[in-house]
Structures are given as structure tokens and as C-alpha cells.
Amino acid sequence: MSKGLYWFQHDLRLADNNAFNQIVSRVDTLHCVYILDEQWLNTNHYGFSAIGDHRLRFIAESLRDLTQQLEALGQTLHVYVGDPVSIIERLVAEHSLHIIGKHSYPGVFEQRQWQALKTALPNQGFVTGNSHTLYHFSDLPFSLNDMPDHFTPFRKKVEKFAEVSHPVTAPAVLPPPLLDKSTWDEEYPNYTKAPKSSVIQYLQGGASAGLKQIHYYMSDTKALLSYKETRNGLDGWDFSSKLSAWLASGCISPRQVYWAVKRFEETHHANDSTYWLIFEILWREFFQWQLAKYGKKMFFHRGIQDKAPTGNHVSKVLLQWINGTTPYPIINAAMNQLRLTGFTSNRARQLVASCFIHELGQDWRYGAAYFEHVLVDFDPSANWGNWQYLAGVGSDPRGLRQFNLQKQTDIYDPHGNFIRNWT
Ligand SMILES: Cc1cc2nc3c(=O)[nH]c(=O)nc-3n(C[C@H](O)[C@H](O)[C@H](O)COP(=O)(O)OP(=O)(O)OC[C@H]3O[C@@H](n4cnc5c(N)ncnc54)[C@H](O)[C@@H]3O)c2cc1C
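Residues numbered from 1 in each chain as written. Predicted model: local features only at pLDDT ≥ 70, side-chain atom pairs only at ≥ 80, totals over all residues.

Trainee: Please clarify how unusual backbone geometry should be interpreted in this entry.
Mentor: For residues besides glycine, phi is generally negative; the peptide bonds are generally trans as well. Backbone geometry places Lys-222, a non-glycine residue, at a positive phi of 55°. Mapped onto the elements, Lys-222 comes out in the loop between α6 (207-220) and α7 (227-230). Given 14 C-beta atoms within 10 Å, Lys-222 falls into the partly exposed group. You will see that Asp-306, though not glycine, has its phi angle at about 55°, which is positive. (Helix = DSSP H or I, 4+ residues; strand = E, 2+ residues; numbered from the N terminus. Buried ≥ 20, exposed ≤ 12 C-beta atoms within 10 Å, placed from the backbone.)

This is how it looks when you write it as C-alpha cells:
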């Protein structure tokens, strides 16, 4: 009788989850776990915890949704808070488990932990599978070493030579649980409720809410048809897909989004905007594979280019930026929105990062670390990759990029609504 443990991590869903499907087909009983890594809750050397209240809240909602999905199939989810490797080692010893499964993920800590687990448990079976990216590693038309360091050649190659496979369906039957139903909600750390007054109250964690948003953005409102024209908006719900938080926590997969766009194009209409959502998903893809290629270099001050960056760290200036008290109204509005909701638009992220690096002359890593803490949709590759890009030490072929804040305000907030709403 084979006993397995599935470690849910950044894949909080049952559908399109290759690793989960694999373990389900190989074991007779299964222990499904999520481990909130306690080091994410501690203050790091930048002065922030890696995970803040907005993401804690979103993950808790996602775990509740996952629990319901599992319970509908006779399974259950157990949530632990602590060091994942020690917790899994203990569970393996206590319950004589045979196989451990987890999705593959390019994050540096996550890879180290997986390796540490394999070293600590040399006689264990391990299964893994990739559903976090559009392409499987074997689909890529280059080796990681030869992967282009700029987006456009990367995009052209994958668009020409690689196929996006269809999402795999969730298993209809699951092996029974190893342990009884858990009451994990009682142990999960306190988190703040979603703020009432913002668009982000709609950002509710969980695969069900993520799939609903795909449907809302595409079939219900057809907002997708004007995405290319509206995507640089600063405030509101429909100007962009808002799928990032569900993608980052793995409540939905990029392949589900890709094929939803393709279905929409067949049944409704294909235009520049429908293509552009895929184009942006390819940006996500690019940074995922960059993280796989460069690992910890994505977090280095000198970046993947090993180039001397500008900027110092002055804590007073960092706090002004965080609290929205800089001399720049558009920056203050965006930073208030970010602090209060855990979300701000792509345009606003570019502006506040550019201001932090250029006008305020700060060390870009403190900005990236604050984003990591505060963003509801934090993803290591997208966050640190975009910050490196803007700091001129990453994958931007043009080098250092500075936005003219007044010009950007005139274009994107001509009537001052965004600044008024968030000041
Ligand atoms: C400094 C900075 C930090 C960022 N940090 C993150 C992060 O931690 N997590 C994150 O998901 N995105 C990050 N982004 C990218 C982007 O701002 C967000 O993905 C986007 O604003 C989320 O809103 P949306 O889902 O409505 O995006 P849409 O415009 O609807 O785009 C669809 C999807 O494409 C992907 N995407 C879009 N733009 C980018 C991009 N520039 N890089 C990578 N993927 C992209 C996202 O998965 C997004 O959900 C960052 C951008 C900047 C400039």
C-alpha cells in the first residue's frame, strides 16, 4: 500500500496540475499539505517580511477554496506553519510515507528546499511536474544557457518554434486522506480583511474566483477586446485582466489563460488586444525562464549583467516613498494605492520604480523587497526581473530607463482623478 504526500506551494488548484495528477495516479492514500514557510513572516535584512498582510489574506482565501475542492472529492488539506523541510521530514517518519510530490518552480528558495528534502530523504520517491509556465522545459527551442537575455528574441523564438500544450484536467477521483479533516484555519496567522473602498475588494483568492475572473474579463464583459488600448490605465477594474494574483499563487495556470484567449478568439473575435494579453503572458514567461537561468543573480545588486548600479539606501527616503509623502503627487497616489490594497497597475509600478531609482536615488533592491512584501501578486521572477530591468542591470536592451513623471501624469491622469482618489 503506497502512501504519498503532496506539497501544495504556488499551485493552489487541482486543474492543470501535472505534479498533482502524477502523485494521485501512484498512491493509495494521500496527505495533502500546504506549508506557510515561517521565514517568510520574519523581517529580512531589507526590513520587511517577505510576505505581508495582503498576500497572507489572498493565500488564506485560496487555501479555503482548495480545501473545498479537495473535500468535494473526499480529500482534505492540512496547513502547517514552520520550516517546510523539517515538517515534511517529520511527516515522512511519522507516517512511513513513500512518495512526495510538488510542482516545479524556478524560485531560488523553493529549489533549495526541494534539493534539501531529497538529500535528507535519500530513500524516498519524488514526483514533480511543471504547470507554472506556458511551456514545458522540453518545449523550449533553446537550452537555458542559450536562452536570449532580451524579451523580443525570446518571444520570437518561442512563438515560432514552441507549442503551448492544453491544460490537463483535474483528477475525478482522489485517493483517500491519510489523516482526518484539519482545522487549519484556527492556526493560520491573523491577516487583514480586504479593504472595502477599493477595486481590490474583488481580488479574492482561490481557483474558483480566478476562473470566474477569466470568464468575466473575456466572455462576460468582452473587456479583452480593448485590452491593448486600456492596459495602461491607473485605476479601475476592467482596464487590465487583474489575473496576476491568481497566476502568482497558482490558483490558475498560464495555460488556462492562454487557451481561454484562444477559445475567445474562435467564438468571438480576434484582434490586436486578444493577442496582446498573450504577449504580456509571454513577458511573464520570459522572466520565469530568466529566473530558472540566472537563479540568485536575479536578486544581486549588480543584476544579471553584473553592472554597477546607481543609488544608495537612505531609510528616511524609503519611508517617504512607501508612505506616499514624496514631492511627486502621481507617485504618492500610486504608493498609497499599493500600501492600502496590495495592488497597483503596471504603469504605476513602472513610475514608482523609476522614481525610486532616479528622482530619489535609492538602491533598487529595497524597492523590490518592499514590493515583495506588499504585493498581493508577488512573483519572484516578475518582480525582481522588472526591477532589474528598470534599474538598468537586467534584461533591458536600452539600459537605464527614466520616466518623465510630469509627462506621464499628463498622459495617464489628465484630469487628476487618480491622484485625487488616492491622496
Ligand atoms: C517594478 C515592477 C514589479 C512587478 N512585480 C510583479 C510581480 O511581483 N508579480 C506579477 O505578477 N507582476 C509583476 N509586475 C508586472 C505587472 O505590473 C503585473 O503583472 C500587472 O500589473 C498585473 O496586472 P494584470 O494582471 O491586470 O495585468 P495584465 O496587464 O492584464 O497582464 C496579464 C498578465 O501578464 C503578466 N504580465 C503583465 N505584464 C508583465 C510584466 N511586465 N512582467 C511580467 N509579467 C507580466 C501578468 O501575469 C499579468 O497578470 C511588475 C512590474 C513592475 C514594473
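Text resumes after the structure shown.
Trainee: Got a minute to help me understand the domain arrangement of the chain in this structure?
Mentor: Frequently, the measure chosen for interface size is the accessible area removed from exposure when the parts meet. The domain architecture assigned to the chain consists of domain 1 (3-131), domain 2 (133-165 + 207-294) and domain 3 (300-421). Between the C-alpha centres of domain 1 and domain 2 there is a distance of 25 Å. On the domain 2 side, the residues contacting the 15 residues of domain 1 number 16 residues. (Domains from an automatic or database assignment. Contact = placed C-beta atoms within 7 Å.)

Trainee: What am I meant to see in the packing of helix α3 (residues 84-95) against helix α4 (residues 108-120) here?
Mentor: To describe two helices that pack against each other, one gives the angle between their axes and the distance between the axes. Running from N to C, α3 and α4 point in directions that differ by 35°, and their axes come no closer than 9 Å. Of the two elements, α3 crosses α4, and the hand of that crossing is right-handed. Where α3 approaches α4, its residues Pro-84, Val-85, Ile-88 and Glu-89 are matched on the opposing element by Gln-113, Ala-116, Leu-117 and Ala-120. Here the residues of the contact of α3 with α4 sort into 6 nonpolar, 1 polar and 1 charged. (Axes fitted to C-alpha atoms, helices over the stretch in contact; angles between N-to-C directions. Left-handed = near helix turned anticlockwise from the far one by under 90°. Nonpolar A, V, L, I, M, F, W, Y, C, P; charged D, E, K, R; others polar.)

Trainee: Where do I start with the packing of helix α14 (residues 364-374) against helix α15 (residues 380-391) in this structure?
Mentor: The N-to-C vectors of α14 and α15 enclose an angle of 155°; their axes lie 10 Å apart at closest approach. The angle between α14 and α15 places the two elements in the roughly antiparallel class. Crossing handedness for the pair α14 and α15: right-handed. Residues Trp-364, Gly-367, Ala-368, Phe-371 and Glu-372 of α14 touch α15, and the partners they reach there are Asn-383, Trp-384, Trp-387 and Ala-391. Here the contact of α14 with α15 is built from residues that sort into 6 nonpolar, 2 polar and 1 charged. (Parallel < 35°, antiparallel > 145°, perpendicular 65-115°, else oblique.)

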